[in-house]
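Listed below are the residues making up each chain.
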Amino acid sequence: MSVNTNDFEFICQLVYKYSAVVLHAEKSYLADLYLQPIAESAGFASISDLVGYLQTQPFGSLHSQVIESLVTNETSFFRDYHPFEALKKFVLPELVGKRSIERSLNIWCAACSHGQEPYSIAMLIKEHFPVLDNWSLKLMASDFSSKVLAKAREGCYNQLEIQRGLPKNFRDRYFQKLDHNWQIQQEILQMVEFRQINLVQCWPSLPKHDVIFLRNVLIYFDTATKKSLLKKIKQNLNPDGYLFLGNAETTIHLDTAFTRVQFDKAICYRLNK
């Protein structure tokens with residue numbers, strides 16, 4: 001069951017249309033790897049038969065399965081470490097001081113995948129900012145995939161996922177061992193609101209956010225999509241808020257409204273004053 005050139009071109013167009021993720025020719029092996037079990041499960045004799053069906057049918061659950069299987073969901077707890085240190089040492093202390101009267105704080109983790117990033121932020125807040133216990137704190141996490149959001153909402157991780165980036169003291173304090181898995185405690189689970197949002201389609205009405213994590217997302221988009229997404233981000237970021245991108249990402253040459261800010265080894269962005 002190997003994907004031919006014409007079928008892969010259709011798959012690339014499908015993925016781009018609904019997720020804006022650009023799949024290059026050298027990624028065709030991913031189609032072979034991930035579409036074969038989908039084809040078999042759906043009762044097709046080959047990937048080509050699966051693609052032929054998708055081409056003749058209106059968009060449905062099978063199209064979603066194909067797209068979600070080819071879009072990267074790589075993540076881990078406290079990924080890259082330094083952004084979370086910047087959040088703890090600089091960003092949140094500053095915002096807590098500025099918001100001391102309204103006692104309100106909005107944080108958004110966009111493209112959250114299986115939830116490790118928003119739960120990392122929730123644990124960081126619970127551990128180091130007890131003052132926020134009595135605030136109106138909204139920690140929203142979003143993804144376009146209903147499949148990954150279902151796992152994220154469960155907050156249950158296997159041993160390998162737990163070992164990737166999660167400090168042992170956080171594991172022991174905020175997780176409960178269940179057979180071979182680890183279940184995050186309800187107090188952390190309830191801090192995060194998960195929503196299904198496709199970043200490259202129309203967004204629902206959202207409040208202005210004080211911190212937006214959009215990490216390791218732009219790298220999958222073409223330049224036009226990056227510019228469009230940053231335009232929407234700046235409309236949803238408070239004037240004194242912070243935007244965190246991935247290590248290989250930047251707003252430079254994409255949107256002049258942002259200024260680069262460095263906290264120790266972490267880079268983030270603010271809107272120009």
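Caption draft 1: Region of interest: the overall build of the protein. The helix and strand tally for the protein stands at 11 helices and 10 strands. Relative to the globule expectation of 19 Å for 273 residues, the C-alpha radius of gyration of the protein, 20 Å, shows essentially globular dimensions. With the C-alpha coordinates aligned to their principal axes, the bounding extent of the protein is approximately 60 × 50 × 30 Å. For the protein, the proportion of its 273 residues judged to be buried stands at 50%. When the accessible surface of the protein is split by element, carbon and sulfur atoms take 50% of a total near 13,400 Å². Charge separation in the protein, taken as the distance between the mean sites of 30 positive and 28 negative side-chain charges, equals 7 Å.

Caption draft 2: Structural detail: the sheet that holds strand 5 (residues 181-184). What the 3 strands build is an open sheet, ordered 3-5-4; its pairing is antiparallel. Every other strand in the sheet has two partners, leaving strand 3 (156-158) and strand 4 (175-178) as the edge strands with one partner each. Taken over all neighbouring pairs, the strand axes of this sheet differ in orientation by 30° on average, direction set aside. Of the strand pairs in this sheet, strand 3 and strand 5 are connected by 3 bridges, and their pairing is antiparallel. The residue of strand 5 that forms the bridge with C156 is Q183.

Caption draft 3: Local environment of the layout of surface pockets. Its boundaries defined by the atoms lining it, the largest pocket holds a volume of some 580 Å³. Taken together, 27 residues form the lining of the largest pocket, with E68, S69, L70, V71 and T72 sitting closest to its centre. Elements with a minimum of two residues in the lining of the largest pocket: helix 2 (28-41), helix 4 (61-70) and helix 7 (146-154). Top contributing element to the lining of the largest pocket by residue count: helix 4, with 6 residues. Considered class by class, the residues forming the lining of the largest pocket number 12 nonpolar, 9 polar and 6 charged. By volume, the second largest pocket is sized at about 470 Å³. Along the wall of the second largest pocket there are 28 residues; nearest its centre are T72, A111, D143, N216 and V217. In terms of residue class, the lining of the second largest pocket is built from 14 nonpolar, 9 polar and 5 charged.

Caption draft 4: Highlighting the packing of helix 1 (residues 5-19) against helix 3 (residues 47-56). Direction vectors running N to C along helix 1 and helix 3 enclose 50°, while the axes themselves pass 10 Å from each other. Here helix 3 runs oblique to helix 1, going by the angle between their axes. Helix 3 is crossed by helix 1, and the crossing has left-handed handedness. Facing helix 1, whose interface residues are D7, F10, I11 and L14, helix 3 presents S48, V51, L54 and Q55. A class-by-class count of the residues in the contact of helix 1 with helix 3 yields 5 nonpolar, 2 polar and 1 charged.

Caption draft 5: Quick look at the pattern of salt bridges. Taken as a whole and assessed by the stated rule, the structure comprises 16 salt bridges. Taking the shortest distance from any N to any O, the salt bridge between E187 and K126 comes out at 4.0 Å. Of this pair, E187 sits in helix 10 (residues 186-189) while K126 sits in helix 6 (residues 116-128), placing them 61 residues apart in sequence. What makes E187 partly exposed here is its relative accessible area of 36%. On the basis of relative accessible area, K126 is assigned to the partly exposed category, the value being 26%. Across the salt bridge formed by R171 and D172, the nearest N and O atoms sit 2.9 Å from each other. Exposure remark for R171: the relative accessible area of 19% places this residue in the buried category.

Rules used in this analysis
- Every chain begins its residue count from 1, and numbering advances along the sequence as written.
- Per-residue local features are limited, in this predicted model, to residues with pLDDT of at least 70; the limit for side-chain atom pairs, both in listing and counting, is 80 or more; totals at the level of whole chains, interfaces and linings are taken over all residues.
- No hydrogens and no water enter the side-chain calculation; it runs on all heavy atoms of the structure.
- Think of it this way: any DSSP run of H or I at least four residues long counts as a helix, any run of E at least two long counts as a strand, and we number them from the N terminus.
- Only the C-alpha atoms count toward the radius of gyration. The rule for a globule is 2.2 Å times the residue count to the power 0.38.
- Throughout this description, buried means an accessible area under 20% of the type-specific maximum (1.4 Å probe, protein chains only), exposed means over 50%, and partly exposed covers the range between.
- Residue-level accessible areas treat just the shown protein chains as cover; the underlying method is Shrake-Rupley with a 1.4 Å probe.
- Positive residues here are Lys and Arg, negative ones are Asp and Glu, while His and the chain termini are left out of the count.
- The atoms used to mark charge sites are NZ of Lys, CZ of Arg, CG of Asp and CD of Glu.
- Following DSSP output, two strands are said to pair if at least two bridges run between them.
- Axis lines are fitted through C-alpha atoms, for helices just across the contact stretch, and the angle between N-to-C directions can take any value from 0 to 180 degrees.
- Buriedness of a pocket was judged along seven lines, with at least five required to meet protein on both sides within 12 Å; pockets are open sets of points on a 1 Å grid over the protein atoms alone, cavities are sets where a 1.4 Å probe fits but cannot get out, and lining residues have an atom within 4 Å of a point.
- Grid points are joined across faces, edges and corners, and a volume is the space filled by probe spheres set on the points.
- Ten residues, namely Ala, Val, Leu, Ile, Met, Phe, Trp, Tyr, Cys and Pro, are considered nonpolar, four, namely Asp, Glu, Lys and Arg, are considered charged, and the remaining ones, Gly among them, are considered polar.
- Roughly parallel means an angle under 35 degrees; roughly antiparallel means over 145; roughly perpendicular covers 65 to 115; every other angle is labelled oblique.
- Left-handed describes a crossing whose near helix is turned anticlockwise from the far helix by less than a right angle; the clockwise case is right-handed.
- Residue contacts are counted whenever heavy atoms from the two residues lie within 4.5 Å of one another.
- What counts as a salt bridge is simple: a side-chain nitrogen of Lys or Arg found within 4 Å of a carboxyl oxygen of Asp or Glu.

All quantities given are derived from atomic positions and should not be read as evidence of function.
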